[in-house]
Structures are given as structure tokens and as C-alpha cells.
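Examining the three-dimensional arrangement
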Amino acid sequence: MRKSLSVFPPVLTDRMACRKPLCCGVSALTATLAVLFIVITAVSVTLISLMVTWKHKPYLIGVGRADCTGPPAEIPLMGYATPQQTAAGIHTRLYSRAFIIDDGIRRVVLVTADVGMISQRLRLEVLQALQVKYGDVYRQDNVVLSGTHTHSGLAGYFQYTLFMISSKGYMKESIQPLVNGIVKSIDIAHGTMRPGRIYRSRGELDDSSLNRSPHSYLNNPEDERHRYKWNTDKQVLVLKFTDLDGNGIGMLSWFAVHAVSMNNTNRMVSSDNMGYASYLLEQDKNPGQLPGQGGFVAGFSSSNLGDVSPNTRGPRCMNTGLSCDYLNSSCPVGGTKMCKAFGPGDDMFDSTRIIGHNIYRKAKELYTNAEHEVTGFLNAAHQWVNMTDVTVHINDTHTVRTCKPALGHSFAAGTTDGGGELNFTQGAVEGDPFWDGIRDAIVGKPSNQTQECHHPKPILFSTGEMNLPLPWHPQIIDVQIVTVGSVAVVAVPGEMTTMAGRRLREAVRQELEAEGAFRDSEVVIAGLSNVYTHYITTYEEYQVQRYEGASTIYGPHTLSAYLLKYRGLARAIAQDRVSELPVGPQPPFFEKLFNLLPSPPADRKPENSSFGDVLQQVNPVYRPGDVVSVTFVAGNPRNSGDIRGKTFVTVEIHDNRTDTWEVVHTDASWETRFHWLKGSKQQSNSTIEWHIPPSAPSGSYRIKHFGHYKQWKFPQLVITPYEGTSDVFRVTASFYHQ
């Protein structure tokens, strides 16, 4: 008779059939292991399912933009260190753009601001303001502040002597708009947080950058150079932010190029090429809105731009038209001052437009096609480091160290984007007895130890040994990495050259992927972040001592020290041991800072006139492509106080249906230029230009100017608002249009 099939699993059937104790013991163990295997498998499947579910769980995302423009008059512009380059109007306004990402456990903030660089003082004041508002939500470890590196933003927001001397000191009227604007952009992002998704996309932009120190770049190892097609980084990285329905809410992009399309003759506040790229994309995504308005936020951030120029025609001797000397970037007659880089446009406005449009066009393309979703945990690692005392073990027998800060002779030569005023040249590896003598008499001779540490740099200023009235350069700096899934943002406190940035990205990627937790990592450098320490070259580039090497203030092994520190941060993130990182020595917050710029005096006006009166009137009729110009009796723009979110200019069109005037442009618009001219006897005027775009509709227009003047009204100075209005004029496709 056939036996019926057992309802027991085979292992239990075997156990029931067992007769010997040993056999039964083995069978019992086998049964137990099998049950455990089933349980573990079930739990593992559940955990994997949960991890997959979490991996694709939407982030909370917030974006925000806020005006951070300061008073556009008399305050030096930050970047070229040209004494006569003081603010005298507005080309475009400056904005801070903030992006907050939260995974439910951790939160990070990425900010890109239209500013030359983030100073240590600016960062500390922003963090203080955030602490007051939000407690410990936003901290030094999870907030990245990065500057676009425009050289046409206001100076006056530093606490170290070298920067204060070149900027006429520390000015609250300059730093407060920056602090308030950055904090407000974070406030807006904080208040708009909602579930959303992030996508990344990467491409190349090959017509908008040029290496301005190719001689230094060629000193890098040949086999290393052969790994790369270009001597600048052409890649553009885009992060696309959407809501859960796929609607775009923001974009953050990185590209390595100096924001110096506006040259050192410019005196208007300007966001330069990177700011224009933001302007274009935001106008695209916020149709019908004035600049600075609308919910979509487009941030363009700097990267390893240290040796990268937007002046793509390259340097030429202005007096002969011939190429400059290859090593020294100087001309036979006129020296470095005659050697300047130009292009691609006919003037600086045209070049800004072309480079900005190129960057915008590539970013928009990458944004549109971004499909690689960014998922995974967030993390942030931060340390304060004394960069004057970092020891690096190159191998078992070779140890190197960083130095006290010092600037070399070639620092004073400037670059082909803006040369120095004196007879210094790039590539100087020997001192000059004349200038060394002046240095020794005024600020003191560098110590032998510092000279040996910085070799072959001939030291012009041994800033690490200069402490009056305050230290001349920072010793304590920030190193920081934040990760959003597989994207690592490396916040660098200075201007890394192309090859230095490549080495840093590779080092961070190796550390992140070594533990297996990260795959297909995208590592990007956010330059000019958190504190400014000038340049960071490779050891080989440093030997040439062009401007970038002379401005690598912690000596020839600066990059090695940074590689060590950032590897440590990346390793801590990969191993999930960030909490074990030493915080490091906190930076100083100096209380007594000096200001060399006096308050503006009382304003005066021509006899028989009032503030806001028109001195030079508009023409009756214009066509698209023309420039409308009108000049007003004006007060000093510094008297207008906090100008964030306001305007000195409106261009208005008349609506015949409602008999009202509608604002079509402000001083934040690319099409307007606001020039302030300080005249004699404390009189000044403002000239407003409107460059009529081809898209301007026919109609009746007027231009208005707003400002404030200061006058004595015994017993005190009183500030009073004023406004002026031009005559009405027509814009028409033809002068003969009826």
C-alpha cells in the first residue's frame, strides 16, 4: 500500500525517523538552523524593502532668494584691490540664494551669494543670527556659505588687517546687507520646505574659460596632465529640485570660472557673469516677474576657478596688440599694467553677457535633461583647523609642514584679468632689493624660518608675523564636506587651481567609496566658502610663483594639508563616525575693528533746483536697441540706508486701458544702469540708462529715480526721501510710426 505524503517539512520528517541520539541531535540542530535561516531571510527582506523605500523617500526641500545689495557709493569694490575702484552705481543687484535639504534625520543648507568671497567675519555673523532665530538647527557643520566671486560687490566685511586696509576697513553698512540678505534667503527656504526630489546632471562647457597661468599648469607631472583633455575643468554640475509632481522649484549649479568679465575699470555694483546666468534662468522660470521675484531659485556657484579666466581672447599688450610674455605676463613697454586679457565680447558688458549666457544655456540644457535621481542619507562634517601648523606624512621618511601666512612678490603683479599698478611681474622667484628694503622698513623683515618654509617664494609680506592692529591673515580656517546621497559638496576656503581641485575631488571620492557605502559618487568643489585664504595651488605650480603660487599663503604644501584634512572628513562620513571628529580651535571674533571711510556729508544741490529735478532730459522718441539716458539732481546713495528689496530706478510703461503706469524694469534689471556721479561742492547727480531690448513693446514710457538726501535742519542732520520723473517718451518700431 502506498504511503501518504507527509505534511511535515523534510527536516522534521527526518527527525521523526531518527533512532540514534547522535542522529537526532544533528537533526535537531539542522532544524533550528533552518528555522533561523527562514527568520533571518524574512527580516533581511523586510529591512531591504524598508531601505529601498527610504532610499526613494522624498527629501524635504526649501529654496529662497533675497537681495543682499549694499549702498552703491564710495565703498570699495572687492576683488581687484584697485584703490580708485569705489562703488558709483548699480549694474545689477546682488542676491543670496539658499537651498535647504532634509532627509528626516539630518539637514544641510547650501548658499551661493553674489559676493567676492565669504569672509570669516561674514560667516560668523550669519551663524550668530541663525543661532538666535533657530537655535541649533543651522550650525557651522551643516551650513555651507559660498561666494560667486564677483569682483564688483562691496568690500568692507572682513576682520583681518590685510583685507581691511585694501577695503577702507570694516563697515557695518557693507556687511549688514550681506548678513541680513543671506539669513533672509535661508528664512525663505526654511519657510517653503516641502516634499520633493533632486536630480543631478553633468556636462561640459568648452567655450567660456581659459587658463590664465598655463606655464604653471605645465609644471604638473606630464602623466597627470595627459589624463585630462583640457587645462581647465569644463564640467558643469547641475542639481535639479522639483516638487513631488515634477514641477521645478530650483536649480543649483557649479562651474569653474572667475567672475571677472566686468574689469577693474568698472565702478557699478554687478553680479557679473555668474549672476547674469542666474538672472536669465530665473527670468525663464518666473515669467512675468521682475528680477528678484518669483518662486523658482537658480543658484550658480563657484568651483576650482583659481587659474581660470572668462576672458577667452587671452592676454595682449594693449599698446602693441602683440602677445604678452608667456611666463611673466608683461609687455616690453608698460610691464604688467599693459598686459590684459579680453573677450569674448567687444567690451566688459558684452563679455559678461556672452559668458553668462553660455553658462545659463548649458545649465538649462542639463536641468531639462536631468534624470539621475539623487537619493540616500545626508551627512555633514566640519572642522576648524590651524592651517599654520599642519604636519603631513608624505611617506615613511618624508614629512612636510604648512607655514605661517605670507604673500610673494608676484602677488603684487596681479593677473592678466587685472594687473598690479607697480613694477612687479608674475613668476618672480627672487626678491627685489628696492621693495624688500621698503618692506623691512615699514612692516618688518620675514623671519628666516618663514622664508625657508615658503621657499622658493620671495616674500613681500610676511602676514603671519604681522599682528598690528589685528592679525593680517587668518590662522584658523574651516574645512567642510556635506553629502546629499551620492553627491559630495566640498567647501573650500579659497581659490583652488584646476589641478589642485582635481586632486582634491579624487582624494575625497576615494575615501567615500573605499568603505562601500558610496557608489558612483559625484564630488564637486564649492569654492570661496566660509573663510577666504587666497589661493591653493599644487606643489609643482607653486614652484613657478606666478600670481596663484605667490598667493598660496600657507606655503608649498598647502594642498597636501588640505588633502589630509578633507580625506579625514570624507572617511568619517563614509564610516558614519562624524560625531567623533575633533571640533578644532575656534576662530576669533574681533570686537575692535577700524573703519577708514567717513560718513557722507550733507548733500548740496544747484541753486533754484530740488533733489529729483531732471538735469538732462530724455528724447521724445526711441526705437528698440537705443539707449535712453536721463540725469537727475541726486543725493548720496549711502543716505538711503538699507536698500535691499528696493530700487533707485524704475522704467514704467503706460497702460492706456487703466490709465496707470506699470513697472517693467528696476535697477536689478540687466537692461538698466544706474550711475552715481559725485561732483564738486558736495553736489552729485544720478544718470539712468535704459538699454531698450528688442522685445520692448511700443508705447509710452517714463523713467523714475528714487533716493534720499541729507541736510542740516538745526540742530541735526536729517535724511529725506525724494523722487524724480522724466518726461514721457515713446518707444516705437520706427520714428515714422503714427
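We now turn to the structure provided with this report.

Each value, and the rule that gives it
Residues numbered from 1 in each chain as written. Predicted model: local features only at pLDDT ≥ 70, side-chain atom pairs only at ≥ 80, totals over all residues. Heavy atoms only, no water. Core = buried A, V, L, I, M, F, W, Y, C linked by side-chain atoms within 4.5 Å. Buried < 20%, exposed > 50% of the residue type's maximum accessible area, 1.4 Å probe, protein only. Helix = DSSP H or I, 4+ residues; strand = E, 2+ residues; numbered from the N terminus. Contact = heavy atoms within 4.5 Å. 1 Å grid on protein atoms, 1.4 Å probe; cavity = no way out; pocket = protein on both sides within 12 Å on 5 of 7 lines; lining within 4 Å. Points joined across faces, edges and corners; volume = space filled by probe spheres on them. Nonpolar A, V, L, I, M, F, W, Y, C, P; charged D, E, K, R; others polar. Pairing = 2+ DSSP bridges. Phe/Tyr/Trp six-rings, centres within 6.5 Å; stacked < 30°, edge-to-face > 60°. Lys NZ or Arg CZ within 6 Å of the ring centre and 35° of its normal. Patch = residues over 30% accessible without salt bridge, like charges linked within 9 Å, V, L, I, M, F, W, Y side chains within 5 Å. Areas by Shrake-Rupley, 256 points an atom, 1.4 Å probe, with all protein chains shown as cover. Salt bridge = Lys/Arg side-chain N within 4 Å of Asp/Glu carboxyl O. Axes fitted to C-alpha atoms, helices over the stretch in contact; angles between N-to-C directions. Parallel < 35°, antiparallel > 145°, perpendicular 65-115°, else oblique. Left-handed = near helix turned anticlockwise from the far one by under 90°.

As for the nonpolar core
- Y566 and W690 are the most contacted members of the largest nonpolar core, which has 112 residues in total.
- Per-element accounting of this core gives the leading share, nine residues, to helix α15 (residues 558-574).
- Those residues in contact with W690 that lie beyond four places of it in its chain are D626, V627, V628, V651, H665, E671, T672, A696, Y701, I703, F729 and V731.
- By size, the runner-up hydrophobic cluster in this structure holds 26 residues, among which are I61, L237, V374 and V484.

Here we look at the layout of surface pockets
- Counted as a void, the largest pocket has a volume near 1100 Å³.
- The wall of the largest pocket is formed by 44 residues, among which Y80, A81, S166, F411 and A412 lie closest to the centre.
- Taken together, the residues of the lining of the largest pocket sort by class into 25 nonpolar, 14 polar and five charged.

Here we look at empty space enclosed by the protein
- A full pass over the atoms with the stated rule returns nine cavities of 30 Å³ or more.
- Looking at the largest cavity, its volume works out to about 120 Å³.
- Lining of the largest cavity is provided by 16 residues; of these, Y95, R97, G275, Y279 and A668 occupy positions nearest its centre.
- Sorting the residues of the lining of the largest cavity by element identifies β4 (95-102) and α8 (272-285) as the ones contributing at least two each.
- By residue number, the principal contributor to the lining of the largest cavity is α8, which donates six residues.
- By volume, the second largest cavity is sized at about 70 Å³.
- Lining the second largest cavity we find E74, P600, P601, A602, D603, N636, W676, K678, Q682, Q683 and S684.

Here's the deal with the sheet that holds strand β7 (residues 153-154)
- If you trace the seven strands from one edge of the open sheet to the other, you get β7-β2-β3-β34-β35-β31-β29, paired in antiparallel fashion. The open sheet has two free edges, formed respectively by β7 and β29 (614-616), since each of these has just one partner strand.
- Two elements, strand β31 (residues 627-634) and strand β35 (residues 684-691), share eight bridges in a ladder whose sense is antiparallel. Along β35, the bridge assignment pairs T631 with T687.

Structural notes on the packing of aromatic side chains
- Applying the stated criterion across every chain, the model contains 22 aromatic pairs.
- For the pair F424 and W435, a centre-to-centre distance of 5.0 Å together with 35° between the ring planes defines the contact as tilted. On the criterion of sequence distance, the pair formed by F424 in the loop between β22 (418-419) and α10 (433-442) and W435 in helix α10 is long-range, its members being eleven residues apart. Considered together, F424 and W435 belong to a single accessibility category, that of buried residues.
- Ring-pair connections join several aromatic residues into one group, and the members of that group are Y157, F158, F163 and Y532.
- Against the face of Y367 rests K240, its NZ or CZ located 4.8 Å from the ring centre.

Some words on a nonpolar patch on the surface
- Taken together, the side chains of F434, I438 and I442 make up a nonpolar region of the molecular surface, amounting to roughly 320 Å² of accessible area.
- Take I442: it is sitting in helix α10.
- Judged by its relative accessible area of 66%, I442 falls in the exposed class.

A word on the sheet that holds strand β25 (residues 487-491)
- Taken together, the four strands give an open sheet; going across it, the order is β17-β24-β25-β27, and neighbouring strands pair in mixed fashion. On the outer flanks of this sheet lie β17 (378-386) and β27 (522-526), each paired with one strand and no other. The mean inter-strand angle of the sheet, taken between neighbouring strand axes irrespective of direction, is 15°.
- In this structure, strand β24 (residues 476-484) lies alongside β25, joined through five bridges in antiparallel fashion. Along β25, the bridge assignment pairs V484 with V487.
- Seen against the sheet, α15 touches β17, β24 and β25 and runs at an angle of roughly 40° to β24.

With respect to the packing of helix α3 (residues 120-134) against helix α5 (residues 172-191)
- Between α3 and α5, the least distance of the axes is 10 Å, while the angle of their chain directions is 45°. By the angle between their axes, α3 is oblique relative to α5. Between α3 and α5 lies a crossing whose hand is right-handed. For the pair α3 and α5, the contacting residues are R121, L122, E125, V126, A129, L130, K133 and Y134 in the first and I175, Q176, L178, V179, I182, V183, I186, D187 and H190 in the second.

Points about the packing of helix α12 (residues 498-514) against α15
- Relative to each other, α12 and α15 sit at 25°, their axes nearing to 8 Å. By the angle between their axes, α12 is roughly parallel relative to α15. Considering the relative orientation of α12 and α15, their crossing is right-handed. Listed contacts from α15 to A500, R503, L504, A507, V508, Q510, E511 and L512 of α12 are L559, L563, Y566, R567, A570, R571, I573 and A574.
- Considered class by class, the residues forming the contact of α12 with α15 number eleven nonpolar, one polar and four charged.

With respect to the pattern of salt bridges
- Applying the stated criterion across every chain, the model contains 40 salt bridges.
- Put simply, R638 and E173 hold a salt bridge, and the shortest N to O gap is 2.7 Å. Of this pair, R638 sits in the loop between β31 and β32 (649-655) while E173 sits in helix α5; the two residues are 465 residues apart in sequence, bridging distant segments of the chain.
- The exposure class of E173 is partly exposed, given its relative accessible area of 26%.
- For R503, the salt bridge identified is with E540, shortest N-O distance 3.2 Å. Taken together, the residues span a long stretch of sequence, with R503 in helix α12 and E540 in helix α13 (residues 539-544) at a distance of 37 residues. One exposure class covers both R503 and E540, and it is buried.
- The network of salt bridges with shared partners includes R65, R97, D114 and E282.

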